[in-house]
Amino acid sequence: MSSKNANNGLKKGMGIHARRVLAYVVLIIMTFLCLFWFYVLFINATRSNSEIQRGFSAIPGSRLAANWQSLMNDSLPFVHGMINSLIVAALTALCAVYFSAMTAYSIHAYEYKGRKAIYTFILAVMMIPSQVTILGFVDLIRGMNLMNNFLPLIITSVASPAVFFFMKQYMDSSLPLALIEAARIDGSGEFRTFNQIVLPIMKPAIAVQAIFSFVSSWNNYFVPVQILQKNDMKTLPILIAQLRAADWKKFDMGEVYMAIAFSIFPVVVVYLILSKYIVGGVAAGSVKG
């Protein structure tokens, strides 16, 4: 009997080991597939247009400085575009996470009539793509004389249904109502409770959604291109699209790759700063307690 149990234990251990090895193999392959294209991007940023046209190369070229100089001397204001993108993306992420957390806190911590209907309505809004409403949105912005202004891109992030939904799920799993009641009994005001007690607890979720909101705003092309017409107001995605649409005599793939590499650098920095919160924040926010 003991021999049979030992054999069963050995088989079970081997099965667990095999699954673990398979999981690591899959993760290694997925990591390679994700990072390979970044490698190609940075390699091509060091090559000339003719070298890129000849095909893939794993060896860096010698045109890094030349491509950078060409980008900086281009008629399109890429440095100014970087600053514009940073302003819009940072303020968008700040507004999205703060006001979405506040909205989720309202539904999580208060009992009032219509709460469930409001929650359902916000989730329904999440299903409406921006392409459906863009014409009316642009007409509204034009009527308010806000064309070539960052405000329409920033203020609209206050209503971020996807961020709200994540915050609500995280609160359900990590924010006990007893803690809020205790703060109220101790005389804490509602804004003080939210800012000094709730937000620190929500730090992992805030970090995760700040990354997602920042990246989404940073990569946003469709809405800004409808509003920002002046070169000195345009964000990087618009400038890169204009660079790619240049006359074929002036078209330089090396410069395009350098512009793309230049544009993703702030995103990588933001990710590295906040990445330690991603796994814990996503796991807690996706499971309702």
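Now for a look at the structure at hand.

Definitions and cut-offs
- Here the residue numbering is sequential within each chain, running from 1 through the sequence in written order.
- Selection of residues for local features in this predicted model requires a pLDDT of at least 70, selection of side-chain atom pairs for listing and counting requires 80 or more, and totals for whole chains, interfaces and linings are taken over all residues.
- Water and hydrogen atoms play no part in the side-chain values, which are based on all heavy atoms of the structure.
- Starting at the N terminus, helices and strands are each numbered in turn, a helix being any DSSP run of H or I of at least four residues and a strand any DSSP run of E of at least two.
- Think of it in three bands: with a 1.4 Å probe and only protein chains considered, a residue is buried below 20% of the maximum accessible area for its type, exposed above 50%, and partly exposed in between.
- Contacts are assigned to residue pairs with any non-hydrogen atoms lying within 4.5 Å of each other.
- Only rings of Phe, Tyr and Trp enter the pairing, Trp through its six-membered ring, and a pair is recorded when the two centres are within 6.5 Å. The plane angle decides the type: under 30 degrees is stacked, over 60 is edge-to-face, the rest tilted.
- Angles shown run from 0 to 180 degrees and are taken between the N-to-C directions of axes, each axis being a line fitted to C-alpha atoms and, for helices, limited to the stretch in contact.
- In this scheme, roughly parallel covers angles under 35 degrees and roughly antiparallel covers those over 145, while 65 to 115 is roughly perpendicular and the rest are oblique.
- Put simply, Ala, Val, Leu, Ile, Met, Phe, Trp, Tyr, Cys and Pro go in the nonpolar bin, Asp, Glu, Lys and Arg in the charged bin, and everything else, Gly too, in the polar bin.
- Here a cavity means grid points, on a 1 Å grid over the protein atoms only, where a 1.4 Å probe fits yet cannot get out; a pocket means an open set of points with protein on both sides within 12 Å along at least five of seven lines; lining residues are those with an atom within 4 Å of a point.
- Grid points are joined across faces, edges and corners, and a volume is the space filled by probe spheres set on the points.

**Regarding the side chain of Ser157**
Tracing the chain through its elements places Ser157 in the loop between helix H7 (151-155) and helix H8 (161-174). Residue class for Ser157 comes out buried when judged on its relative accessible area of 6%. In this view, Ser157 contacts Leu91, Thr92, Cys95 and Ala96; residues no more than four positions away in its chain are not counted.

**Some words on the packing of aromatic side chains**
Going through the model one piece at a time under the given rule, you end up with 10 aromatic pairs. Residues Phe32 and Phe36 carry aromatic rings whose centres are separated by 5.5 Å and whose planes lie at 35° to one another, so their mutual orientation is tilted. Residue Phe32 and its partner Phe36 are both found in helix H1 (residues 2-44); the two are separated by 4 residues, about one turn of the helix. Residue Phe32 is classed as exposed on the basis of its relative accessible area of 52%. With relative accessibility at 23%, the residue Phe36 sits in the partly exposed group.

**Here's the deal with the packing of helix H13 (residues 236-244) against helix H14 (residues 253-274)**
Packing of H13 against H14 leaves a shortest axis separation of 10 Å and a crossing angle of 170°. Regarding the angle of H13 to H14, the classification is roughly antiparallel. Note on element contacts: H14 touches H13 through Glu255, Val256, Ala259, Ile260, Phe262 and Ser263, opposite Leu236, Ile240, Leu243 and Arg244. Looking at the contact of H13 with H14 residue by residue, the class counts come to 7 nonpolar, 1 polar and 2 charged.

**A few points about the side chain of Gln209**
With respect to the helices, strands and loops of the structure, Gln209 is situated in helix H11 (residues 203-219). Gln209 sits in the buried class, given a relative accessible area of 7%.

**A few points about unusual backbone geometry**
Its identity as a non-glycine residue notwithstanding, Asn145 has a phi of 55°, on the positive side. Mapping Asn145 onto the fold places it in the loop between helix H6 (130-143) and H7. For Asn148, which is not a glycine, the phi torsion comes out positive at approximately 55°. With respect to the helices, strands and loops of the structure, Asn148 is situated in the loop between H6 and H7.

**Some thoughts on the layout of surface pockets**
The calculated volume of the largest pocket comes to roughly 1,200 Å³. Lining the largest pocket are 38 residues, and of these Ser130, Thr156, Ala159, Ser160 and Pro161 sit closest to its centre. Take the lining of the largest pocket: its biggest share by element is 8 residues, from helix H4 (residues 78-109). When the residues that make up the lining of the largest pocket are grouped by side-chain class, the tally is 24 nonpolar, 14 polar and no charged. Computed from the structure, the second largest pocket encloses a volume of approximately 520 Å³. Lining the second largest pocket are 16 residues; nearest its centre among them are Phe38, Val215, Ile264, Val267 and Val268. Elements with a contribution of two residues or more to the lining of the second largest pocket: H1, H11, H13 and H14. Looking at the lining of the second largest pocket element by element, the count peaks at 7 residues for H14.

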